[in-house]
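Each chain is listed here by its residues.
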Amino acid sequence: MFETHIKEELSKSFTKAVSAAAGINCQFYERDYGQDGVFEEVMYCAERKAYRQTGFGIDFQLKATINATAKNGFYIYDLEVKNYLDLIDTKVGKPRILILYILPKDKQEWIKVTESETQLQKCAYWCSLRGHPYVNNRSKVRVTIPEAQLFTIEELKRLMENVKEGKVL
């Protein structure tokens, strides 16, 4: 398997694990029209004694890399222009975020499995690029993602609550 495919599959596994632990549905789109997938809120309906989707969601673009640079409290990443332009759009039905899954440079450290635990190394960060300026770049746009915006179970729950309250991410 190509190394880029391995990175992609590990980032998908990480994203699925975080969303599952948060109790939020995660679907990856079969066709890529600018977003890789969607997080959808699922709630228990006592009257029906069943879980249902609420209609609240967050679209996401997922990237995996060993080439993000930490500097002054931010991760710096060169994003493809096409992805950037999809993420800055303000005329969309659901908020959109970029999730950047950062792997160690050493491929042997990407996943560790023992009898007591399975570890995906390192972690992911998220950001919203909504409303950022249009660019005429041809290939890449440098984006900065705050180190404080670690993509965790609690953070995904908080993001979904913000969506439900109508807040801009």
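Residues numbered from 1 in each chain as written. Predicted model: local features only at pLDDT ≥ 70, side-chain atom pairs only at ≥ 80, totals over all residues. Heavy atoms only, no water.

(A) Up close: the nonpolar core. Residues Phe-39, Ile-58, Phe-60, Ile-97, Ile-99, Phe-151 and Leu-156 are the most contacted members of the largest nonpolar core, which totals 24 residues. Secondary structure elements with two or more residues in this core: α1 (3-22), β1 (24-28), β3 (50-65), β6 (96-102), β9 (123-127) and α3 (153-164). Sequence-distant contacts of Ile-58, defined by excluding residues within four places in its chain, comprise Gly-37, Val-38, Phe-39, Lys-94, Pro-95, Ile-97, Leu-159, Met-160, Val-163 and Leu-169. Grouped together as the second largest cluster of nonpolar side chains are 19 residues, Ala-68, Tyr-75, Leu-129 and Ile-145 included. (Core = buried A, V, L, I, M, F, W, Y, C linked by side-chain atoms within 4.5 Å. Buried < 20%, exposed > 50% of the residue type's maximum accessible area, 1.4 Å probe, protein only. Helix = DSSP H or I, 4+ residues; strand = E, 2+ residues; numbered from the N terminus. Contact = heavy atoms within 4.5 Å.)

(B) Quick peek at unusual backbone geometry. Put simply, Gln-121 and Lys-122 share a cis peptide bond, and its omega is 0°. Inspection of the secondary structure puts Lys-122 in the loop between β8 (118-120) and β9. Positive phi outside glycine occurs at Lys-49, with the angle close to 55°. Assignment of secondary structure puts Lys-49 in the loop between β2 (37-45) and β3.

(C) The arrangement of the sheet that holds strand β4 (residues 69-71) in detail. Here we have 3 strands laid out as an open sheet, ordered β4-β5-β10, and antiparallel in their pairing. A strand with exactly one partner marks an edge of an open sheet, and here the two such strands are β4 and β10 (140-146). Neighbouring strand axes in the sheet, compared pairwise and without regard to direction, differ in orientation by 35° on average. In the sheet, β4 pairs with strand β5 (residues 74-80) via 3 bridges, with the strands oriented antiparallel. Across the sheet, the residue bridging to Ala-70 is Tyr-75, located in β5. (Pairing = 2+ DSSP bridges. Axes fitted to C-alpha atoms, helices over the stretch in contact; angles between N-to-C directions.)

(D) Structural context of the pattern of salt bridges. By the definition in use, this model includes 12 salt bridges. With its nearest N and O atoms 3.7 Å apart, the salt bridge here joins Lys-7 to Glu-3. Here Glu-3 and Lys-7 lie together in helix α1, a separation of 4 residues that amounts to about one turn. With relative accessibility at 12%, the residue Lys-7 sits in the buried group. A relative accessible area of 35% means that Glu-3 is categorised as partly exposed. Where Lys-12 meets Glu-8, a salt bridge forms, and the shortest distance between an N and an O atom there is 3.6 Å. Here Lys-12 pairs with Glu-8, and both are found in helix α1, just 4 residues apart, close to one helical turn. The exposure class assigned to Lys-12 is partly exposed, which follows from its relative accessible area of 25%. In the salt-bridge network here, residues are joined through shared partners; they are Glu-3, Lys-7 and Lys-107. (Salt bridge = Lys/Arg side-chain N within 4 Å of Asp/Glu carboxyl O.)

(E) Quick peek at the state of the cysteines. Taken as a whole and assessed by the stated rule, the structure comprises 0 disulfides. With no disulfide of its own, Cys-26 has Cys-127 as its nearest cysteine by sulfur position, at a separation of 17 Å. Judged by its relative accessible area of 3%, Cys-26 is buried. (Disulfide = S-S within 2.5 Å.)

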